[in-house]
Amino acid sequence: MTEIAEKYEQEVEKSENLECSDLPSDVSVDIADIPVINFFKRHRSMQIFITEVHSPLKFWFRNADDDTKIQIFEKKLHDFYRKLMIERNFTYKMSENDAIEGRLCATLFSATWHRAVIIRGPVDNKVEVMYIDYGTIGTVPVDKLHFLTSKFAKFPYVLMRGRLALVAPKGNHHWKRNPPKSDTNEFEAFITGRKLTAFLYAKEKDENVHHLILYEPPVKFAKQHASVNERFALMTDCQLFTMDTEEWPCLDELYPNFDILENNQFPTHAKLAEARNDESFWQKEEIQRFYSETYQWNKRLNRVVYSNPLDECFAETRKILAERKTIDKVVAELKGQTIQKRTKNNFSSKSNKKYDREENNNNPFSTKNLKKSSVGHRGKLIRKYVLKIDDEKSEAPEDTVSQSHISTNPFKAKIDFGSD
């Protein structure tokens with residue numbers, strides 16, 4: 001047993017002493033070696049999974065239609081490196097000298113092997129990596145790093161950058177960051193573990209950021225299915241814009257940008273809370289340049305906004321947000337509508353109580369439902385109830401909608417969720 005242990009230590013020491021010039025011939029070290037596929041095309045929808053969230057304006061997602069292929073690929077990668085560990089094959093093992101910033105590698109996360117890129121070199125025999133198929137940042141020991149073989153670098157880069165379209169924090173400044181009642185936590189409650197249908201509203205070409213309108217599939221008619229954008233705006237009382245009134249970019253998305261986050265150069269929430277009271281932190285030149293007019297102007301120049309056939313679908317939600325100064329006001333309005341409907345139908349006293357009970361259960365702004373902890377429950381009620389509260393007041397006949405508008409509305413035609 002002792003001889004086996006000594007031999008193992010000798011092999012480890014030998015692998016750690018390898019110089020960079022002794023790299024295996026069949027490995028990929030540059031992230032540029034991984035092919036990139038443009039999944040989105042104009043006016044197309046796609047089913048997605050959101051894998052990592054920094055805020056509603058910065059998250060990472062990937063194509064859900066390719067999820068089976070991704071799982072098969074990840075299983076092959078895991079089995080390959082697991083076999084190397086079992087056989088104690090150190091051919092692809094990285095030494096501390098090999099752990100260079102920007103280098104591709106394979107490493108463990110929750111006992112599973114994944115592709116990653118080193119974003120910070122060794123400190124105390126540990127490195128920081130970003131798992132390139134998820135967007136997650138982690139710290140791993142150097143002895144858990146292996147070179148990524150060329151065959152696993154051939155699988156496309158599946159991760160994409162995204163943000164909620166036409167949504168901004170109240171006052172167009174910053175999202176609430178204090179857990180557990182932060183706006184980011186509210187957003188994560190909407191999307192965790194859910195397959196979503198994404199429509200491309202705009203794209204920032206320089207940073208490759210997709211502005212998305214999200215729905216829970218199946219999507220048939222927008223009025224019957226409130227978007228995640230609308231539901232999030234209703235829950236957090238943030239701003240919801242139209243294509244004409246959008247104020248972009250907002251301060252929260254200027255700093256940090258995606259590059260800073262992916263290189264783990266942004267402080268944690270705890271350090272950020274301390275920095276908010278430190279004016280010198282925000283006056284640093286490397287930070288102030290993100291708030292400059294030049295930087296904002298370049299962002300506007302590099303963004304392409306597509307025509308938005310879904311814009312009218314936000315009309316009801318925007319109306320609620322515009323009129324809702326407080327929750328009490330909305331509750332009062334909805335109660336007033338309840339009384340009018342009951343009087344109009346001339347219900348009996350017994351029927352009135354039953355109607356009030358049913359109306360209260362279906363009303364997402366009722367005291368009972370506002371106290372519910374489940375965001376998903378309130379979201380369903382909003383989708384079923386809030387977007388229909390003014391349907392009876394609508395006087396515009398359906399035939400007033402132009403045929404040209406119908407032809408461009410994705411909800412009137414069969415939707416193709418496949419990737420290009």
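For the structure itself, consult the block above.
The present account deals with the structure reproduced in this document.

The rules we used
Residues numbered from 1 in each chain as written. Predicted model: local features only at pLDDT ≥ 70, side-chain atom pairs only at ≥ 80, totals over all residues. Heavy atoms only, no water. Helix = DSSP H or I, 4+ residues; strand = E, 2+ residues; numbered from the N terminus. Buried < 20%, exposed > 50% of the residue type's maximum accessible area, 1.4 Å probe, protein only. Contact = heavy atoms within 4.5 Å. Areas by Shrake-Rupley, 256 points an atom, 1.4 Å probe, with all protein chains shown as cover. Phe/Tyr/Trp six-rings, centres within 6.5 Å; stacked < 30°, edge-to-face > 60°. Lys NZ or Arg CZ within 6 Å of the ring centre and 35° of its normal. Pairing = 2+ DSSP bridges. Axes fitted to C-alpha atoms, helices over the stretch in contact; angles between N-to-C directions. Parallel < 35°, antiparallel > 145°, perpendicular 65-115°, else oblique. Left-handed = near helix turned anticlockwise from the far one by under 90°. Salt bridge = Lys/Arg side-chain N within 4 Å of Asp/Glu carboxyl O.

This brings us to the overall build of the protein chain. Secondary structure assignment for the protein chain yields 17 helices and 14 strands. The buried share of the protein chain, taken over its 420 residues, is 48%. A separation threshold of at least 6 residues defines the contact pool for the protein chain, and within that pool the share at least 24 residues apart is 71%. When the accessible surface of the protein chain is totalled, it reaches about 22,600 Å², and 49% of it is carbon and sulfur.

Attention shifts here to the packing of aromatic side chains. Counting across every chain of the model gives 17 aromatic pairs. For the ring pair Phe80 and Tyr81, a centre distance of 5.0 Å and an interplane angle of 85 degrees mean the geometry is edge-to-face. Phe80 gets classed as partly exposed once you look at its relative accessible area, which sits at 21%. Taken together, the ring pairs in this structure connect Phe73, Phe80, Tyr81, Tyr92, Trp113, Phe152 and Phe155 into an aromatic cluster. The ring of Tyr134 carries Arg62 above its face, with NZ or CZ at 4.6 Å from the centroid.

Taking every second residue as pointing to the same face, the buried face of strand β7 (residues 136–141) carries Thr136, Gly138 and Val140, while none of Ile137, Thr139 and Pro141 on the other face is buried. Note: strand β6 (residues 126–131) against β7, six bridges, orientation antiparallel. Looking at β7, one finds that Val129 is bridged to Gly138. Joining the antiparallel neighbours β6 and β7 is a turn of four residues, in which Gly135 adopts a positive phi near 90 degrees.

Spatially, β4-β5-β6-β7 is the arrangement adopted by the four strands of the open sheet, whose pairing is antiparallel. Lying at the two open borders of the sheet, with one neighbouring strand each, are β4 (104–109) and β7. On average, each strand axis in the sheet is inclined to that of its neighbour by 50 degrees, with strand direction left out of account. Here helix α2 (residues 67–87) sits on the sheet and contacts β4 and β5 (112–123); the angle it forms with β5, its principal contact strand, is near 70 degrees.

Another aspect to go through is the pairing of β5. In this sheet, β5 lies alongside β4 in antiparallel orientation, the contact comprising six bridges. By the bridge assignment for β5, Leu104 is matched with Val117. Hairpin connection of β4 to β5: two residues between the antiparallel strands, including Ser110 at a positive phi of 55 degrees. As paired strands, β5 and β6 are joined by four bridges and run antiparallel to one another. Opposite Ile118, over in β6, you have Val129 as the bridge partner.

On to the packing of helix α4 (residues 183–191) against helix α5 (residues 228–236). Running from N to C, α4 and α5 point in directions that differ by 140 degrees, and their axes come no closer than 10 Å. Relative to α5, α4 is oriented oblique. Our pair here, α4 against α5, has a crossing hand that is right-handed. Where α4 approaches α5, its residues Asp183, Glu186, Phe187, Phe190 and Ile191 are matched on the opposing element by Val228, Arg231, Phe232, Met235 and Thr236.

The next subject is the side chain of His78. On the secondary structure map, His78 appears in helix α2. The class for His78 is buried, based on a relative accessible area of 18%. Setting aside its immediate chain neighbours within four residues, His78 contacts Ala111, Thr112 and Trp113.

With that settled, consider the pattern of salt bridges. Counted by the stated rule, this structure contains 13 salt bridges. The salt bridge partner of Arg303 is Glu246, with a shortest N-O separation of 3.1 Å. Residue Arg303 is found in strand β14 (residues 303–305), and its partner Glu246 is found in the loop between β13 (239–240) and α6 (251–254); the two are separated by 57 residues along the sequence. Comparing Arg303 with Glu246 shows no difference in burial state: the two are buried.

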